[in-house]
Amino acid sequence: MLDGPGYQLEHGISLTYLLAGRRARPLQDLLHGVWLGHPLHPALVTVPVGAWTAASVLDGLAATGRGGPGAGSAARVTVGVGVAGAVASAATGLTDWQHAHDGARRVGLVHAGLNSTALGLYSWSLLDRGRRGRAGRARLTAAAGLALTLASSWLGGALSYRHGLGTDHADRSPEPRRFTPVLQASDLVDGQPVGVDVDGVPVVLVAGDGEVRAVGGRCPHQGAPLGEGWLHRGELVCPWHGSRFDLGTGEPTQGPSTAPLPCFETRLREGRVEVRRRGNWRSPTATTTVEEASR
Amino acid sequence: MKADQVLIAHHDVLRGLLRQLAETTEDQTAQRGRLRDELLRELEVHTQIEDELFYPAVRDVSPLLSLAHAEHRQIDDQLATVMRTPLDDPDFGTEVGMLSATLHHHTFEEEERMFPQSHALGEERLEELGRQLQERQRELTRSGAMRLIVRLKRMTLRHV
């Protein structure tokens, strides 16, 4: 039932970005949080949630006559900061949401609907705060807005912690720790990514310029099989949502992915390509695998 | 013709246009422009018949609808990049190559995975769906509204 409006909204977002032309990509990467290394949305929503919570405290003090002379105008400023933060949060949220699938897409649509209603209520509250004799109504709409915001935040939590939207879907196994042969070097064609499975760890190999480079085979964004991806200007492109990755560092050069791919060292031995996991703090590995722990 | 056969035939048209476009050189701007506009029109028709008729019909037998939508989106975005790139630009070929890879992945996903899943609908339903797809495709190809949309899109994308 929610898929129809969902796709219509996505077409609207898509059209908006098409009209932004060349600026669309850098803008979307900014809003996804590619520069930050994490999704920007959950960080930014602390501004409206925090500001509106503070405003509710100030409203409560003013309503009971304990706020002193400055409480009213302080509440007005915090509501305003929250409204500005909510608009920015909506832009980041919609930009992330446009690539959500199935259940996450539907939950995200309800989350967006509730938040937009809360934003509407707070905007109304902000207008009322500039008018005489509207203080009571302004506090009431703010209280209703806060209730909706909290309910909607719960859905936001479900999107992250249940649906895994914005979390890292790359395989972070520490394996293989020793150089492990994966295929014959003669099986690789320059510039054509090949997906292989190294004892359960997905890896993509790319030959070119006389070397073989290897990165993780699952996209951190939503787990797409990168072995089905392709190269564009020397970068690996995700077949699902078009994230692009630097093959040397694993870092995303274009979103929606905000996390880097795991990297592997490679070497040639007797005509075979061997790979070994390369760890660094940006691309951490678990120290113990499930298999080791249960041995 | 069954639904998947109709769509594969149209995939062949799209792949053919892209192959021709990839074979052009920087000094063949007129030919590039003609092929690019034709590709824009055919892609618009293709997306619309799949979105309107095929995807709703296979909703219950294929889990790949979200992926198909995501891939359409990626094709759309890359097509916009190709529309923005001047026909005599050295980068034109690279961007067409990227569009070609994106389209090939989408047609692979449908032909190798989604279409076999769609066979669960049964011969009769697929034949009926095929007729509807062909009819809508003919209608859209001739439609004045569609021509207007394509022309507007072409003009807008070139200027942003």
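Look a little higher up for the structure.
Note that the structure is a prediction, hence the values are computed from the model and not measured. (Residues numbered from 1 in each chain as written. Chains lettered and ligands numbered in written order. Predicted model: local features only at pLDDT ≥ 70, side-chain atom pairs only at ≥ 80, totals over all residues. Heavy atoms only, no water.)

A. Spatial organisation of the overall build of chain A. Helix and strand content of chain A: eight helices and 10 strands. The C-alpha atoms of chain A give 24 Å as radius of gyration, which overshoots the globular expectation for 295 residues (19 Å, by more than 25%). Its C-alpha atoms give chain A principal-axis dimensions of roughly 85 × 45 × 35 Å. Put simply, chain A has 295 residues, and 45% of those count as buried. Charged side chains of chain A number 29 positive and 25 negative; the gap between the two group centres comes to 13 Å. (Helix = DSSP H or I, 4+ residues; strand = E, 2+ residues; numbered from the N terminus. Rg over C-alpha atoms; globule rule 2.2 N^0.38 Å. Buried < 20%, exposed > 50% of the residue type's maximum accessible area, 1.4 Å probe, protein only. Lys, Arg positive; Asp, Glu negative; His and termini not counted. Charge placed at Lys NZ, Arg CZ, Asp CG, Glu CD.)

B. Layout of the environment of R213(A). Residues and elements named next belong to chain A. Positionally, R213 belongs in strand β4 (residues 211-216). Under the relative-accessibility criterion, R213 is labelled partly exposed at 28%. Each C-alpha atom, one on R213 and one on S73, is 59 Å from the other, the two residues being 140 residues apart in sequence. For R213, the residues in contact, after removing those within four places along its chain, are V204, L205, V206, L247, G248 and T266. (Contact = heavy atoms within 4.5 Å.)

C. View of helix α6 (residues 144-159) of chain B. Between its first and last C-alpha atoms α6(B) spans 23 Å; for 16 residues at 1.5 Å apiece the expected length is 22 Å, and the two agree. The complete set of buried residues in α6(B) reads M146(B), V150(B), K153(B) and L157(B). One side of α6(B) holds all its buried residues, which, seen down the axis, span an arc of 65°. Across α6(B) from its buried face, at more than 90 degrees, point the exposed residues A145(B), L148(B) and H159(B). Where α6(B) is buried, its residues meet α1 (3-19) of chain A together with α2 (29-58), α3 (65-84) and α5 (123-142) of chain B. (Expected span 1.5 Å × (residues − 1). Arc of directions from axis to C-beta.)

D. Spotlight on the sheet that holds strand β3 (residues 201-208) of chain A. Residue and element names in this part refer to chain A. Taken in spatial order, the six strands of this open sheet run β1-β10-β9-β4-β3-β2, and their pairing is antiparallel. The strands lining the two open edges of the sheet, one partner per strand, are β1 (180-184) and β2 (194-198). The average undirected angle you get between the axes of adjacent strands in this sheet is 35°. Inspection of the sheet shows β2 paired to β3 by five bridges, in the antiparallel sense. Each bridged residue has a counterpart across the sheet, and for V196 the counterpart in β3 is V203. (Pairing = 2+ DSSP bridges. Axes fitted to C-alpha atoms, helices over the stretch in contact; angles between N-to-C directions.)

E. Representation of unusual backbone geometry. Residues and elements named next belong to chain A. The amide bond that connects E175 to the next residue, P176, takes the cis arrangement and shows omega of -10°. In this fold, P176 is placed in the loop between α7 (135-161) and β1. Positioned with a positive phi, D209 is a non-glycine residue whose angle comes to about 55°. Structurally, D209 is set in the loop between β3 and β4. Residue D209 is classed as exposed on the basis of its relative accessible area of 75%. With a phi angle near 50°, R233 is a residue other than glycine that sits in the positive phi range. Tracing the chain through its elements places R233 in the loop between β5 (230-232) and β6 (235-237). Residue classification places R233 among the partly exposed residues on the basis of a relative accessible area of 46%.

F. Structural detail: the side chain of Q137(B). All names here are of chain B. Checked against the element boundaries, Q137 lands in helix α5. Residue class for Q137 comes out buried when judged on its relative accessible area of 19%. Contacts of Q137, omitting those with residues within four sequence positions, involve V6, H10, V45 and I49.

G. Quick look at the interface of chain A and chain B. Between chain A and chain B, the residue contacts involve 27 residues of the former and 27 residues of the latter. Together chain A and chain B conceal approximately 2300 Å² of surface at their shared face, both sides included; 50% is due to carbon and sulfur atoms. Contact with chain B buries surface across chain A, with L18(A), W230(A) and W240(A) losing the most and accounting together for 26% of the total. Summed over the shared surface of chain A and chain B, the result is six salt bridges. Linking R25(A) and D77(B) is a salt bridge whose minimum nitrogen-to-oxygen distance equals 3.6 Å. Here chain A and chain B share 10 residue pairs in polar contact (both at pLDDT 80 or more) between them. (Buried area = accessible area lost by both parts, 1.4 Å probe. Salt bridge = Lys/Arg side-chain N within 4 Å of Asp/Glu carboxyl O. Polar contact = N/O pair within 3.5 Å; in protein donor to acceptor, adjacent residues only side chain to side chain.)

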